[in-house]
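Chain by chain, the residues run as shown.
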Amino acid sequence: MWISVCLISSFLHITAGCTQLVTKITVYSGQSVLLPCSCSKTQAKHPSFTWIKLRGQQTPEIISPRSDLYSGRVEIFNNNSPGNLSVLLSHVTEDDQGWYRCKISREKYSDVELTVEGCTLSEPRSRVVNASPGQSVLLPCSCSKTQAKPPSFTWTKLRGQQTPEIIPTQSDLYRGRVEIFNNISPGNLSVLLSHVTEDDQGWYRCKISREKYSDVELTVEGKYQRLTTTTTKHPPLTQSNGLDITTPKGADTVGTSEEDPSASPQQYNTIQYTLLAVLPVILIITGVSWYIYKRNKGTVCINCNHSEKQ
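In this convention, every chain numbers its residues from 1, walking through the sequence in written order. Predicted model: local features are reported for residues with pLDDT of at least 70 only, side-chain atom pairs are reported and counted for 80 or more only, and whole-chain, interface and lining totals are derived from all residues. Computation of side-chain values: all heavy atoms of the structure, hydrogens and water removed.

### Regarding the overall build of the protein chain
Argument step 1. In DSSP terms, a helix is any run of H or I states spanning at least four residues, a strand is any run of E spanning at least two, and both are numbered starting from the N terminus. In terms of regular secondary structure, the protein chain is built from two helices and 18 strands.
Argument step 2. Partly exposed residues are those whose accessible area sits between 20% and 50% of the maximum for their type, while under 20% is buried and over 50% is exposed, using a 1.4 Å probe and protein chains only. Taken across its 310 residues, the protein chain has 27% of its residues classed as buried.
Argument step 3. Residues count as neighbours in contact if any of their non-hydrogen atoms are within 4.5 Å of one another. The contacts of the protein chain with a sequence gap of at least 6 include a subset with a gap of at least 24, amounting to 59%.
Argument step 4. A 1.4 Å probe and the Shrake-Rupley method give the accessible areas. Residues count as covered only by the protein chains that appear here. Total accessible area on the protein chain is roughly 21200 Å²; 55% of this is exposed by carbon and sulfur atoms.

Here it is as structure tokens:
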């Protein structure tokens, strides 16, 4: 118990000439970290103090809210709590890793060793993802430690020798079709691409630096084949949620055979039934007519013989 009290006391009372302690802190990139330093009497305001980053043989770098490197990332508490000399460093990057010193005078200071665990992309370096037209597909990319957030990352579609096409959430080609998860889960750099089309097929790259990137090959399966050269185009349909449904290529095609496309199978069946019903009647009428004709012809010939005999 007393050992713990002495250690805490020696850490807080840096102005009392106690043995200097080294504080070691580990943090993930993208997070905020408190670099601790305080006076023995928190109510007493010290005339001056300085936070610096040690850089070996080089001149130490002063940490100030006014410096370009730390602008908007440093918060001090000395104004509200005079004896609290700590600083809060936000949006930590791997470049922030190193030794920091809270210095009151030449002899009175406290050191902090800051270790920053950055984003290392998970394996494998490349992978294949399959999708069908009209579906949604997840293009995976993540840090091996999901708590780590890279300073920035980009998704691009590779186009051979041409300049890669950046995939922002507001581009015309991908407008309303791209969803990111980085704001919810810092190390999740994946994107969800919805309403996939054949034009989306190809290679995509998730890149956080020149050396750190991951490639995804998107294959769109179930392509529609064109039946003929004649295509009927329809305007896109709209769902209740306002999303456009693009008609797949070749889905609305018209056959070009010699048969009349306007005649349906039911019409053909009706014609056949009509012919079968009418044909016997025609045959009966023809037979009766032929019988009457032959009978009348025979009667005429008998009368002719009687006339010749007389």
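### A short note on the nonpolar core
Argument step 1. Formed by 23 residues in total, the largest nonpolar core has its most connected members in Val137, Trp155, Leu189, Leu193, Tyr204 and Leu218.
Argument step 2. Contributions of two or more residues to this core are made by β9 (126–131), β10 (137–139), β14 (191–193), β15 (202–207) and β16 (213–220).
Argument step 3. With near-sequence residues (within four places) excluded, Leu218 lies in contact with Val129, Ala131, Val137, Leu193, Asp200, Gln201, Gly202 and Tyr204.
Argument step 4. Residues belong to a common nonpolar core when they are buried Ala, Val, Leu, Ile, Met, Phe, Trp, Tyr or Cys residues joined through side-chain atoms within 4.5 Å. Trp51, Leu89, Val92 and Ile104 belong to the second largest nonpolar core, which has 20 residues in total.

### Side note on the sheet that holds strand β6 (residues 87–89)
Argument step 1. Two strands form a pair only when DSSP identifies at least two bridges running between them. Spatial ordering of the open sheet is given by β2-β6-β5, a layout of three strands whose pairing is antiparallel. Only two strands of the sheet have a single neighbouring strand rather than two, namely β2 (33–35) and β5 (74–76). Here the strands of the sheet are splayed against their neighbours by 25° on average, with no regard to which way each runs.
Argument step 2. By the bridge criterion, three bridges tie β5 to β6 in an arrangement that is antiparallel. By the bridge assignment, Glu75 is partnered in β6 with Leu88. Each axis is a line fitted through C-alpha atoms, and for a helix only the stretch in contact is used; angles between axes span 0 to 180 degrees, taken between their N-to-C directions.

### Details of the pattern of salt bridges
Argument step 1. The term salt bridge refers to a pairing of a side-chain nitrogen on Lys or Arg with a carboxyl oxygen on Asp or Glu at a separation within 4 Å. By the definition in use, this model includes nine salt bridges.
Argument step 2. Glu61 is the partner of Arg55 in a salt bridge, and the nearest nitrogen-oxygen pair spans 4.0 Å.
Argument step 3. For Arg55, a relative accessible area of 36% translates into the label partly exposed.

### Quick notes on the packing of aromatic side chains
Argument step 1. Pairs were defined over the aromatic rings of Phe, Tyr and Trp, the Trp ring being its six-membered one, requiring ring centres within 6.5 Å. Orientation was assigned from the angle between planes: stacked under 30 degrees, edge-to-face over 60, tilted for the rest. Applying the stated criterion across every chain yields a total of zero aromatic pairs.
Argument step 2. The rule for a charge over a ring is simple: NZ of Lys or CZ of Arg within 6 Å of the ring centre, and within 35 degrees of the ring normal. Over the ring of Tyr213 we find Arg125, and its NZ or CZ is 4.0 Å from the ring centre.
Argument step 3. Above the plane of the ring of Tyr213 lies Arg205, whose end atom (NZ or CZ) is 4.0 Å from the centre.

### Topic: unusual backbone geometry
Argument step 1. Omega for the peptide link from Glu123 to Pro124 comes to 5°, which places this bond in the cis form.
Argument step 2. Tracing the chain through its elements places Pro124 in the loop between β8 (109–117) and β9.
Argument step 3. Although it is not a glycine, His91 sits at a positive phi angle of roughly 50°.
Argument step 4. For His91, the location among the structural elements is in the loop between β6 and β7 (98–103).
Argument step 5. In the Ramachandran plot, His195 falls in the positive-phi region, its phi being about 50° despite a non-glycine side chain.
Argument step 6. One can find His195 in the loop between β14 and β15.
Argument step 7. Among the residues examined, His195 registers a relative accessible area of 23% and is labelled partly exposed.

### Some remarks on the pairing of strand β4 (residues 58–62)
Argument step 1. Sheet analysis places strand β3 (residues 50–55) next to β4, joined by three bridges and oriented antiparallel. Looking across to β4, one finds that Ile52 is bridged to Ile62.
Argument step 2. Linking β3 to β4, which pair antiparallel, is a turn of two residues; within it Gly56 sits at a positive phi near 65°.

### Let's talk about the pairing of β16
Argument step 1. Sheet topology note: the β9/β16 ladder contains six bridges and is parallel. Pairing of Val129 across the sheet is with Leu218, part of β16.
Argument step 2. Across six bridges, the pairing between β15 and β16 is antiparallel. Looking at β16, one finds that Gly202 is bridged to Leu218.
Argument step 3. Taken together, β15 and the strand that follows it, β16, pair antiparallel across an intervening segment of five residues.

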